[in-house]
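Structural overview for review
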Amino acid sequence: MAKLSQIEQVDNRAGIVGKLKARMYPTLSRYFSRAKLIEGRLKGMNETFRCLFVENTPLSGYIIPRMYDGPPVVRKESRIWIPLLKTILRGYANHIDMCIAVLPLGYDLDLENQVTFKSHMLVRSFIDTSGGADVLKKRMRDNKRRFYNKMDRRPAFACRVSNDIKDFDLFYTRMHVPHIRNRFQGLADLDPYEHMKNLFREGFLLLIEEGDRTVAGVLCKVVDDTLFFVRTGILDGDDEYVKRGASSAQYYFTLKYALEHNIRRVDLMRSRPFFDDGVYVTKRKWGAEVYLDGDPRSSVFFFIPRISEKVAKFFENNPMIIHRENRLYGLIGWSNENAPSSQDEKALHERYYSPGLNGFIVIKPGLESTPLMIEIA
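Note that this is a predicted model, so its numbers are computed, not measured.

1. Some thoughts on the overall build of the protein
The helix and strand inventory of the protein stands at 13 helices and 17 strands. Expressed as a percentage of its 377 residues, the buried residues of the protein come to 46%. In the protein, the share of contacts with a sequence separation of at least 24, taken over all contacts with a separation of at least 6, comes to 72%. As presented, the protein carries roughly 20,000 Å² of accessible surface, and 49% of it is formed by carbon and sulfur atoms.

Structure follows, in structure tokens:
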């Protein structure tokens, strides 16, 4: 047998090392995390905001552009041993405005005395279809209700159900992958082809047609009385189809399928828990109800040494869903000097409320560690 060349030997060793790292990573990431101290000008304020990110996830890549005007500066970067985080936070308390830590499950009790707010990376939502079309439409925002009614009267799109593997290949390669890459850019998290194909074998495709062209699709799966809105795609990721209503048609035909087959619930799966996240906003407009992710991989902890004007501004810019004692609440910053009036509370309710929320927590400077709780009527 011929000897391996030096290059082949190096490649083999690199492959072995890579496999070992992949096997060790889940264990190591439970105890070690990347830490990055970021500083920049907070959006909406001419103030410097220092945030310590502790995570092995891409969350900072999502939050940082929402947090700062212009690129921030990385002041320090290192790896830390997670069990030492409490000690590290005490050392940083007078030098940062906030720490956002994404930690594996199991650290909650150890950190509960220092955590200001807690969330998950994702929140789930569903649409109740058990009451029929009329009840369903009442929960929709005006623009979605108009689209639904228009499709009932003069449909611009058609739909067909498919279990054909050729249609799945079209959906995966020409719709799902380019759509996700176009929408999420560097934060795109793509499912491997084989994984998606297994999901398809357990379910079916709803393919959206405009004239003689298939322009969008939804990968669906029915379990008991729930239809799962598993994955979506737009042909070539082309925003022109979105502008013409292809994305809305995905929701319309999924809901119609559920109604026609007496399916009581459409589960819209996960989205980021920020009130102005595009995916979350779309689901809310269709009348979705939020609920806790029952299978989270990690928790997101917000450690806030002091509730300052800057912290209030951050959450005013980035209102989000948090949870306390297994209940969901909206967290909103309030930079106005006066506490919210009853009219302000009504406006917040109109702007942010979704079924499934148990109330709002409003934080503003001067309230120290007792943020204002606004109950949902």
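Additional details are given in the paragraphs that follow.
2. Structural notes on the sheet that holds strand 3 (residues 73-81)
An order of 3-1-2-4-13-5 is seen for the six strands of this open sheet, with the pairing classed as mixed. Single-partner strands in this sheet number two, and they are strand 3 and strand 5 (117-119). Looking at each pair of strands side by side, their axes are set apart by 15 degrees on average, direction ignored. Alignment of strand 2 (residues 48-55) against strand 4 (residues 98-104), held across four bridges, turns out to be parallel. Bridge assignment links Phe-53 to a residue of strand 4, and that residue is Ile-100.

3. Comments concerning the side chain of Lys-364
Its location among the elements puts Lys-364 in the loop between strand 16 (357-363) and strand 17 (372-375). With near-sequence residues (within four places) excluded, Lys-364 lies in contact with Ile-307, Ala-312, Trp-334, Asn-336, Glu-337, Asn-338 and Ala-339.

4. Description of helix 3 (residues 85-92)
Of all the residues in helix 3, the buried ones are Leu-85, Leu-89 and Tyr-92. Viewed along the axis of helix 3, the buried residues span an arc of 65 degrees, placing them on a single side of the element. Across from the buried face of helix 3, at angles greater than 90 degrees, the exposed residues are Arg-90 and Gly-91. Where helix 3 is buried, its residues touch strand 1 (32-41), strand 2, strand 3, strand 4, helix 4 (108-111) and strand 13 (298-303).

5. A few points about the packing of aromatic side chains
Aromatic rings considered in pairs are described by the distance between their centres and by the relative angle of their planes. Scanning the entire structure with this criterion turns up 19 aromatic pairs. Three or more aromatic residues joined by ring pairs form one cluster here, namely Phe-49, Phe-117, Phe-302, Phe-314 and Phe-315. One Lys or Arg, Arg-272, reaches over the ring of Tyr-62 and ends 4.3 Å from the middle of that ring.

6. Observations regarding the pattern of salt bridges
Inspection of every chain in the model, using the stated rule, returns 18 salt bridges. A salt bridge links Arg-160 to Glu-209; its shortest N-O distance comes to 2.7 Å. Within this pair, whereas Arg-160 is found in strand 7 (residues 158-162), its partner Glu-209 is found in strand 8 (residues 204-210), the two being separated by 49 residues in sequence. Ionic pairing is found between Lys-221 and Glu-202, a salt bridge with its closest N-O pair at 2.8 Å.

7. Looking at helix 7 (residues 165-184)
Helix length check: helix 7, at 20 residues, gives a terminal C-alpha distance of 26 Å against a target of 28 Å (1.5 Å per residue), a fit within 8%. Where helix 7 bends most, at Tyr-172, the angle is about 35 degrees. Residues of helix 7 that are buried include every one of Asp-167, Phe-168, Phe-171, Tyr-172, Met-175, His-176, Val-177, Pro-178, His-179 and Ile-180, and no others. For helix 7, the secondary structure elements touched by its buried residues are strand 7, helix 8 (193-202), strand 8, strand 9 (213-223) and strand 10 (226-234). Its side-chain oxygen at 2.8 Å from the backbone nitrogen of Lys-166, Asp-164 defines the N-terminal cap of helix 7.

8. Observations concerning the confidence of the model for the protein
Of the residues in the protein, 88% have a pLDDT of 70 or more, and the chain-wide mean is 88. Per-residue pLDDT stays below 50 along residues 16-22; that stretch engages in zero contacts with residues further than four places along the chain or on separate chains.

9. Observations regarding unusual backbone geometry
Of note in the backbone geometry, Asp-236 takes a positive phi value of approximately 60 degrees without being a glycine. Residue placement: Asp-236 occurs in the loop between strand 10 and helix 9 (239-243). If you check the backbone angles, Asn-326 has positive phi at about 60 degrees while not being a glycine. For Asn-326, a relative accessible area of 68% corresponds to the exposed category.

Calculation notes
Residues numbered from 1 in each chain as written. Predicted model: local features only at pLDDT ≥ 70, side-chain atom pairs only at ≥ 80, totals over all residues. Heavy atoms only, no water. Helix = DSSP H or I, 4+ residues; strand = E, 2+ residues; numbered from the N terminus. Buried < 20%, exposed > 50% of the residue type's maximum accessible area, 1.4 Å probe, protein only. Contact = heavy atoms within 4.5 Å. Areas by Shrake-Rupley, 256 points an atom, 1.4 Å probe, with all protein chains shown as cover. Pairing = 2+ DSSP bridges. Axes fitted to C-alpha atoms, helices over the stretch in contact; angles between N-to-C directions. Arc of directions from axis to C-beta. Phe/Tyr/Trp six-rings, centres within 6.5 Å; stacked < 30°, edge-to-face > 60°. Lys NZ or Arg CZ within 6 Å of the ring centre and 35° of its normal. Salt bridge = Lys/Arg side-chain N within 4 Å of Asp/Glu carboxyl O. Expected span 1.5 Å × (residues − 1). Bend = angle between axes of the 7 residues up to and from the residue. Polar contact = N/O pair within 3.5 Å; in protein donor to acceptor, adjacent residues only side chain to side chain. pLDDT = per-residue confidence, 0-100.

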